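# Overview (structure and organization)
Listed below, chain by chain, are the residues.
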Amino acid sequence: MFIGLDLGTSGLKGLLIDEAQRVVGEATHPLTVSRPQEGWSEQDPAEWIAAMEAVLGALAQHDLSAVRGIGLSGHMHGATLLDAQDAVLRPCILWNDTRAHREAAALDAEPQFREISGNIVFPGFTAPKLVWLAKHEPERFAKVAKVLLPKDYLRLWLTGEHASEMSDAAGTSWLDTGARDWSDALLAATGMRREQMPRLVEGSDVSGTLRPQIAARFGLPEGVVVAGGGGDNAASGVGVGVVAAGQAFVSLGTSGVLFAADDGYRPDAASAVHSFCHALPQTWHQMGVVLAATDALNWYARLLESDAKQLTEGLGPLQAPGKARFLPYLGGERTPLNDAAIRGAFIGLEHATDRAATTRAVLEGVSFALRDCRDALEGTGTRIETLLGVGGGTRSRYWCEAIATALDTPVALPVAGDYGGAFGAARLGMMAATGGGLDIASPPEIAATIEPVPPRATGQPRVMPSAPNRVPNAPVSGCPSGVIA
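Residues numbered from 1 in each chain as written. Predicted model: local features only at pLDDT ≥ 70, side-chain atom pairs only at ≥ 80, totals over all residues. Heavy atoms only, no water.

Quick look at the overall build of the chain now. When you go through the chain residue by residue, the secondary structure sums to 16 helices and 24 strands. Judged by the C-alpha coordinates and their principal axes, the chain covers about 70 × 50 × 40 Å. As displayed, the chain has an accessible area near 18500 Å², and 50% of this comes from carbon and sulfur atoms. Separation of charge centres in the chain, based on 39 positive and 53 negative side chains, amounts to 3 Å. (Helix = DSSP H or I, 4+ residues; strand = E, 2+ residues; numbered from the N terminus. Areas by Shrake-Rupley, 256 points an atom, 1.4 Å probe, with all protein chains shown as cover. Lys, Arg positive; Asp, Glu negative; His and termini not counted. Charge placed at Lys NZ, Arg CZ, Asp CG, Glu CD.)

Below is the structure:
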């Protein structure tokens, strides 16, 4: 058997799978986020360990004597700071913490960061947090002996090893993403040194062995290997079998993600596309990110004192966009606008506008934002041949049809099951323990495939974007935030 551990912002999840990849057991434990100041977001790593102890204890209700490998997944970009004795110096600064926005802008203005890392330096990335620390907490900065990403602190507790892997490291702004190695130049530019970084392994390789006392405590055998694992989205890609060029998934969760695997490194930082290493050797991935997907629909439902299911279940067949349009930028936008200040809007409202029309506008707004992401990915040469749909928003067939039509690509929906980060981590643990490869990361069984709706079926010509950033519901590139040209 194999265990996958996924450290999320709101909780830690563990999955136990057998050699046929059937889920044998699962457990979760909640986590909280501290926000001591505006724009700050922190967690105490001691809470992660307590959560892992609880999850492993729950999984130990099953016989774990057949476990051979453990894989790790977790939220990215967090700065977990350790001194020379591995003591935690301060709460971890999380991915959604924006205190280092000035430091991020300054680093991003240095051409080498985009050239070497392949990405914009976003405020949530790890490197600007250390620059902020040096400026505002210099005594702590002077004591930093190791910087670990959140899931890698779990690894330290499990194995005693300071290690990470390339998919998570790519979100630090310190990685030479093409070379899959730390960049001494980028580290030096932030006052850091290579010895303060964990050693790197591939996500499917062995990073260490479970400490004997941990194995004995939870009924695991000696010699259980711990895989490199992956950042949350890369591990999810392994979980849904998106591991080779041409494969992609669209995730409709709180945010929207268009994730495409690639066999080459094709960065385009200016488009705000994330170009990261995948969790598998010599594989990369790209992501377009929409900050409000189901979050936008749930926001609208709250305004109407309704819920998302009630709003969407009676919409009927897909219609062409009407006069009402919705900008889904409720908290800024990532790809391709990279604008934290832009905000959402309804436009084109008239006396005839009803609840169904505005609900369709919300779904269309997110769908066209994902089309923007698709165009940005295609602009780098990335191709999408197969597209899986995952996340809570895919329960709406209307929304799936809108996305398939906007992207002009069929959306395949898996049968019910868990294909997230914990499952992908368990698969990586299986690869590390058995030496297996891509055959382990097979795609899921498909329950239904949603085809693009032909223009004639909607009664009007399909409204499609003609170029990146030129969509019916998004501002023209170069216009002030929120202004419609």
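Here we come to empty space enclosed by the protein. Taken as a whole and assessed by the stated rule, the structure comprises four cavities of 30 Å³ or more. Lining the second largest cavity are Gly78, Thr126, Val147, Leu148, Leu149, Asp152, Ser164, Thr172, Trp174, Trp182, Met197 and Pro198. The class makeup of the residues in the lining of the second largest cavity is seven nonpolar, four polar and one charged. (1 Å grid on protein atoms, 1.4 Å probe; cavity = no way out; pocket = protein on both sides within 12 Å on 5 of 7 lines; lining within 4 Å. Points joined across faces, edges and corners; volume = space filled by probe spheres on them. Nonpolar A, V, L, I, M, F, W, Y, C, P; charged D, E, K, R; others polar.)

Right, let's get into the layout of surface pockets. In this structure, the second largest pocket spans a volume of roughly 280 Å³. Breaking the lining of the second largest pocket down by element, the ones donating at least two residues are α11 (294-303) and α12 (308-312). Split into classes, the residues belonging to the lining of the second largest pocket amount to four nonpolar, seven polar and three charged.

Right, let's talk about the side chain of Ser41 for a bit. With respect to the element layout, Ser41 can be found in the loop between β3 (23-30) and β4 (42-43). On the basis of relative accessibility, which here comes to 0%, the residue Ser41 falls in the buried class. When near neighbours in sequence (up to four residues on either side) are disregarded, Ser41 contacts Val33, Ser34, Arg35, Cys92, Ile93, Leu94, Asn96, Asp97 and Arg99. (Buried < 20%, exposed > 50% of the residue type's maximum accessible area, 1.4 Å probe, protein only. Contact = heavy atoms within 4.5 Å.)

In terms of residue burial, helix α14 (residues 397-407) counts as a mostly covered element, since 10 of its 11 residues are buried. What α14 keeps buried is the set Tyr398, Trp399, Cys400, Glu401, Ala402, Ile403, Ala404, Thr405, Ala406 and Leu407. Just past α14, the residue Asp408 takes up positive phi, approximately 55 degrees.

A side chain of one charge can pair with a side chain of the opposite charge when the charged atoms of the two come close. Evaluated as defined, the whole model comprises 27 salt bridges. Note that Arg99 is salt-bridged to Asp97, the shortest N-O span being 2.8 Å. With a closest N to O distance of 2.8 Å, Glu165 and Lys151 form a salt bridge. Of this pair, Glu165 sits in strand β9 (residues 163-165) while Lys151 sits in helix α6 (residues 150-159), and the two are 14 residues apart along the sequence. (Salt bridge = Lys/Arg side-chain N within 4 Å of Asp/Glu carboxyl O.)

Next up on the list: the packing of aromatic side chains. Under the criterion given, the structure shown has 10 aromatic pairs. Ring centres 5.5 Å apart and planes at 90 degrees place the aromatic pair Trp40 and Trp132 in the edge-to-face group. With a gap of 92 residues between them, Trp40 in the loop between β3 and β4 and Trp132 in helix α4 (residues 126-136) connect regions that are remote in the sequence. Members of the aromatic cluster, connected to one another through ring pairs, are Trp299, Tyr300, Phe326 and Phe346. If you follow Arg99 out to its NZ or CZ, it ends over the ring of Trp132, 4.8 Å from the centre. (Phe/Tyr/Trp six-rings, centres within 6.5 Å; stacked < 30°, edge-to-face > 60°. Lys NZ or Arg CZ within 6 Å of the ring centre and 35° of its normal.)

This next bit is on the packing of helix α1 (residues 45-59) against α6. Axis separation between α1 and α6 bottoms out at 10 Å; the angle between their running directions is 60 degrees. Of the two elements, α1 crosses α6, and the hand of that crossing is right-handed. Residue-level contacts link Pro45, Trp48, Ile49, Met52, Glu53 and Leu56 of α1 to Pro150, Tyr153, Leu154, Trp157 and Leu158 of α6. (Axes fitted to C-alpha atoms, helices over the stretch in contact; angles between N-to-C directions. Left-handed = near helix turned anticlockwise from the far one by under 90°.)

This part covers the packing of helix α2 (residues 101-108) against α4. Relative orientation of the contacting elements α2 and α4 amounts to 120 degrees, with a least axis distance of 8 Å. Taken together, the axes of α2 and α4 are oblique relative to one another. Remark: the crossing between α2 and α4 carries right-handed chirality. Residue-level inspection shows Glu103, Ala104 and Leu107 of α2 in contact with α4, the latter providing Ala127, Pro128, Val131, Trp132, Lys135 and His136. Of the residues in the contact of α2 with α4, the class split is six nonpolar, one polar and two charged. (Parallel < 35°, antiparallel > 145°, perpendicular 65-115°, else oblique.)

Checked against the element boundaries, Ala188 lands in helix α8 (residues 184-189). Taking relative accessible area as the criterion, Ala188 reaches 53% and is therefore assigned exposed. Taking the C-alpha atoms as reference, Ala188 lies 9.4 Å from Trp174; in sequence the two are 14 residues apart.

The next subject is the environment of Ala369. Locating Ala369 in the fold gives a position in helix α13 (residues 355-378). Apart from residues no more than four positions distant in its own chain, Ala369 is found in contact with Val290, Pro328 and Glu333.

In the predicted model, the chain carries a mean pLDDT of 92, and 94% of its residues have values of at least 70. Note on residues 461-485: pLDDT under 50 across the span, and 59 contacts to partners over four residues away in sequence or across chains. (pLDDT = per-residue confidence, 0-100.)

On to α2, then. Inspection of α2 places Glu103, Ala104, Leu107 and Asp108 among the buried residues, and these make up the whole buried set. Taken down its axis, α2 places every buried residue within 135 degrees of arc, on the same side. Where α2 is buried, its residues contact α3 (111-117), α4 and α8. (Arc of directions from axis to C-beta.)

Let's shift gears to unusual backbone geometry. With an omega of -5 degrees, the peptide bond between Thr335 and Pro336 qualifies as cis. Within the secondary structure, Pro336 is located in the loop between β20 (325-327) and β21 (345-347). Look at Gln21: it is not a glycine, yet its phi comes out positive at around 65 degrees. Non-glycine residue His77 carries a positive phi angle of around 75 degrees. Mapped onto the elements, His77 comes out in the loop between β5 (69-74) and β6 (80-82).

This part covers the nonpolar core. Leu81, Leu130, Val147, Trp174, Trp182, Met192 and Val238 are the most contacted members of the largest nonpolar core, which has 67 residues in total. Broken down by element, the residue count for this core peaks at seven residues, all from helix α15 (residues 421-434). Apart from residues lying up to four places away in sequence, Trp182 is in contact with Ala169, Thr172, Trp174, Leu175, Asp176, Leu187, Arg194, Met197, Pro198 and Leu200. Residues Val273, Val290, Leu297 and Ala301 belong to the second largest nonpolar core, which totals 43 residues. (Core = buried A, V, L, I, M, F, W, Y, C linked by side-chain atoms within 4.5 Å.)

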